[in-house]
Amino acid sequence: RHTIERVDGVSEVRVDVNDPSQPQRAAPQAPPPPAANPRALPVMEPPRAAPGPQRPAPPAPVSYPNLGRIIAISSGKGGVGKSTVATNVAVSLARSGARVGLMDADIYGPNVPRMMGIDEPPPVENERIIPLEAHGVKLMSIGFMVARDAPAIWRGPIIMKVITQFLRDVVWGKLDYFLVDMPPGTGDAQLSLVQATQVHGAVIVTTPQEVAIGDALRGAKMFERVGVPVLGIVENMSYFECTHCGKPSPLFGSGGGARLAKELGVPLLGEIPLYQRVLEGGDTGRPIVVSETDSGAARALAATA
């Protein structure tokens, strides 16, 4: 852009990036309008035809059969332990004998490298990325490729490109489960994933308090709106188990995850207790299902997997 702007007579430069390797498809028909709801928000729909040259339609989602079942681990808000659940479930599945990949789709705040105890640039062979591996799980994260303190000041189209490359240009091999640790919310990364490939289901992580439940409900409805089934709810930090008497204390309320699961008509997959060793394991790269397998939190996470 800077080079072209220096050419005499050029007053403005716009760069449109298209991927010629992706098959093109005709623009889909707009879905029927939803029932009247004065509080409904607009959703992404195909744009109406406008005069002038038309841009090509977005590529159709690509199937990646070697990845097995593609499952998004998501939440409506940050700080509920989504990455903790994603890493421990992935390790539990691998320890049970499954072939598991974990992709960190949280581009702005990647936590998988620290939580899995590995942080180095992945090797590249024949212009394809070789995923790193820890605790029997194949891993890919933008955190492997940038400095720990480097902010990703990127707009949506770059997020889409990164997620597509992590799916297409990484040598994942043959997997049984492909877990995707999503960023919180209902934004670019979630839409990019469902546009890039077929997601078989989503697991929603929440904490018991009503503020978190409301955000988790919006996250679940987003997946339903784009045709991804919600497989179930995981309630994290369900209670604190006293180390002296063993009595559970519901520090953040109780029953929120069960109420959300009932409202959505999906199962409550697990209730994970608040346990200090879980936090320490995330900071040191030793998931609780590896470091302390007999703890209540490890048993709950293994049962959830």
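Look up: the structure comes first, before these words.
Cut-offs applied
Residues numbered from 1 in each chain as written. Predicted model: local features only at pLDDT ≥ 70, side-chain atom pairs only at ≥ 80, totals over all residues. Heavy atoms only, no water. Helix = DSSP H or I, 4+ residues; strand = E, 2+ residues; numbered from the N terminus. 1 Å grid on protein atoms, 1.4 Å probe; cavity = no way out; pocket = protein on both sides within 12 Å on 5 of 7 lines; lining within 4 Å. Points joined across faces, edges and corners; volume = space filled by probe spheres on them. Nonpolar A, V, L, I, M, F, W, Y, C, P; charged D, E, K, R; others polar. Buried < 20%, exposed > 50% of the residue type's maximum accessible area, 1.4 Å probe, protein only. Pairing = 2+ DSSP bridges. Polar contact = N/O pair within 3.5 Å; in protein donor to acceptor, adjacent residues only side chain to side chain. Contact = heavy atoms within 4.5 Å.

## Some remarks on the environment of V205
Working step 1: Summarising the element assignment, V205 is placed in strand β8 (residues 201-206).
Working step 2: On a C-alpha basis, the gap between V205 and G270 in space is 9.6 Å, while along the polypeptide they are 65 residues apart.

## Quick word on the layout of surface pockets
Working step 1: Taken as a whole, the second largest pocket holds about 710 Å³ of empty space.
Working step 2: Together, 34 residues line the second largest pocket, and P110, N111, R114, M115 and G282 are the ones closest to its centre.
Working step 3: When residues of the lining of the second largest pocket are assigned to their parent elements, the largest contribution, 5 residues, is made by helix α8 (residues 276-284).
Working step 4: Of the residues in the lining of the second largest pocket, the class split is 22 nonpolar, 7 polar and 5 charged.

## Considerations on the pairing of strand β7 (residues 177-181)
Working step 1: Within β7, 4 of the 5 residues are buried, which leaves it mostly tucked inside the rest of the structure.
Working step 2: In this structure, strand β2 (residues 100-104) lies alongside β7, joined through 5 bridges in parallel fashion. If you follow M103 over to β7, its bridge partner there is V180.

## Description of the side chain of D181
Working step 1: Within the secondary structure, D181 is located in strand β7.
Working step 2: What makes D181 buried here is its relative accessible area of 0%.
Working step 3: Separated by 2.6 Å, the side chains of D181 and S83 make a polar contact.
Working step 4: When residues no more than four places from it in sequence are discounted, the contact partners of D181 are I73, K82, S83, A86, L102, M103, D104, A105, D106 and V112.

## Things to note about empty space enclosed by the protein
The gaps of empty space that remain are located by a probe, the size of a water molecule, rolled over the atoms.
Working step 1: One pass over the full model with this rule turns up 1 cavity of 30 Å³ or more.
Working step 2: The calculated volume of the largest cavity comes to roughly 40 Å³.
Working step 3: In terms of lining, the largest cavity is formed by T84, T87, N88, M115, V278, G281, G282 and P287.
Working step 4: Listed by contribution, the elements that provide at least two residues to the lining of the largest cavity are α2 (82-95) and α8.

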